[in-house]
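Here's the letter readout for the chains.
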Amino acid sequence: MTDPISDFLTRVRNAVKANHKVVEAPASKMKVEITKILYEQGYILAYKVDTDEKGHKTIKIALKYHPETKTNAIKNLKRVSRPGLRRYASVDEMPRVLNGLGIAILSTSKGIMTDKKARQENVGGEVLCYVY
């Protein structure tokens, strides 16, 4: 697999469109950090990192739905930087997703964080994805 982050986001996106309650994906440190940001920002209900019988780690994500309208909290997940074309942003040219309603997840020298936190920390980095 050439782009595991894209595979992870596609699994979540497909589960959202199919109205699944839980989605499972192979785990890595970066994927766990992205999942943690999605949880902190309120896009998912819960997550759990498990180890299977072979010793491989997996992430189980409980997707969040609004009870009255039955719509998902995640409207769209878009991969920005990819192996063929990396996208970097400095603090001055940090992207604003839906004029501040969505988030951009960045990989910076201080770890993986949202665009808002990166502005506070005054760091730029690779723009991994947009979530709204």
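Before reading on, note that the structure itself is shown above.
First, a word on scope: everything that follows refers to the structure included in this document. The numbering scheme is per chain: residues are counted from 1 as the chain's sequence reads. Only residues with pLDDT of at least 70 are given local features in this predicted model, and only at 80 or more are side-chain atom pairs given and counted; all residues enter the totals for whole chains, interfaces and linings. Hydrogens and water molecules were not included; the side-chain quantities draw on all heavy atoms of the structure.

## Some words on the overall build of the protein chain
Within the protein chain one finds three helices and eight strands. What counts as a helix is a DSSP run of H or I of at least four residues, what counts as a strand is a run of E of at least two, and both are numbered from the N terminus. For the protein chain, the N- to C-terminal ordering of α and β elements is α-β-α-β-β-β-β-β-β-α-β. Whereas a compact globule of 132 residues would reach a radius of gyration of roughly 14 Å, the protein chain reaches 15 Å, a difference of no more than 12%. Each principal axis of the C-alpha distribution contributes one length, and for the protein chain these read about 40 × 40 × 25 Å. Out of the 132 residues belonging to the protein chain, those deemed buried represent 39%. In the structure as shown, the protein chain presents an accessible area of about 7900 Å², 49% of it carried by carbon and sulfur atoms. By the counting rule applied here, Lys and Arg register as positive and Asp and Glu as negative, while His and the ends of each chain are not counted. Charge positions are represented by NZ for Lys, CZ for Arg, CG for Asp and CD for Glu. Charge centroids of the protein chain, computed over 24 positive and 14 negative side chains, lie 3 Å from each other. For a compact globule the rule gives 2.2 Å times the number of residues to the power 0.38, and the radius of gyration it is set against comes from C-alpha atoms. The buried label applies to any residue whose accessible area, calculated with a 1.4 Å probe on protein chains only, is under 20% of its type's maximum; exposed applies above 50%, and partly exposed to all values in between. Note that accessible areas follow from Shrake-Rupley with a 1.4 Å probe, and for residues the cover is restricted to the protein chains shown.

## Observations concerning the pairing of strand β8 (residues 125–131)
With respect to burial, β8 is a largely interior element, six of its seven residues being buried. A pair of strands is considered paired only if DSSP assigns at least 2 bridges between the two. In this structure, strand β4 (residues 77–79) lies alongside β8, joined through three bridges in antiparallel fashion. Looking across to β8, one finds that K78 is bridged to Y130. In this sheet, β8 lies alongside strand β5 (residues 88–89) in antiparallel orientation, the contact comprising two bridges.

## Looking at the environment of Y39
Turning to its location among the elements, Y39 is positioned in helix α2 (residues 29–40). The class for Y39 is partly exposed, based on a relative accessible area of 42%. Taking the C-alpha atoms as reference, Y39 lies 12 Å from I103; in sequence the two are 64 residues apart. By the convention used here, residues are in contact when the closest approach between their heavy atoms is within 4.5 Å. Not counting the four nearest positions on each side in its chain, Y39 is found in contact with I44, L45, A46 and Y47.

## Quick word on the packing of helix α1 (residues 4–17) against α2
Here an angle of 0 to 180 degrees is reported between the N-to-C directions of two axes, which are lines fitted to C-alpha atoms, with helices fitted over the stretch in contact. Between α1 and α2, the shortest axis-to-axis distance is 10 Å and the interhelical angle comes to 40°. Accordingly, the angle class assigned to the pair α1 and α2 is oblique. Like other packed secondary-structure pairs, α1 and α2 cross with a definite hand, here right-handed. Contacts between α1 and α2 involve P4, I5 and F8 from the former and M30, K31, I34 and T35 from the latter. Amino acids are sorted into nonpolar (Ala, Val, Leu, Ile, Met, Phe, Trp, Tyr, Cys and Pro), charged (Asp, Glu, Lys and Arg) and polar (every other residue, Gly among them). For the contact of α1 with α2, the residue count by class is five nonpolar, one polar and one charged. Throughout this description, any angle smaller than 35 degrees is read as roughly parallel, any larger than 145 degrees as roughly antiparallel, any in the 65 to 115 degree range as roughly perpendicular, and the remainder as oblique. Note: crossing handedness is left-handed where the near helix turns anticlockwise from the far helix by less than a right angle, and right-handed where it turns clockwise.

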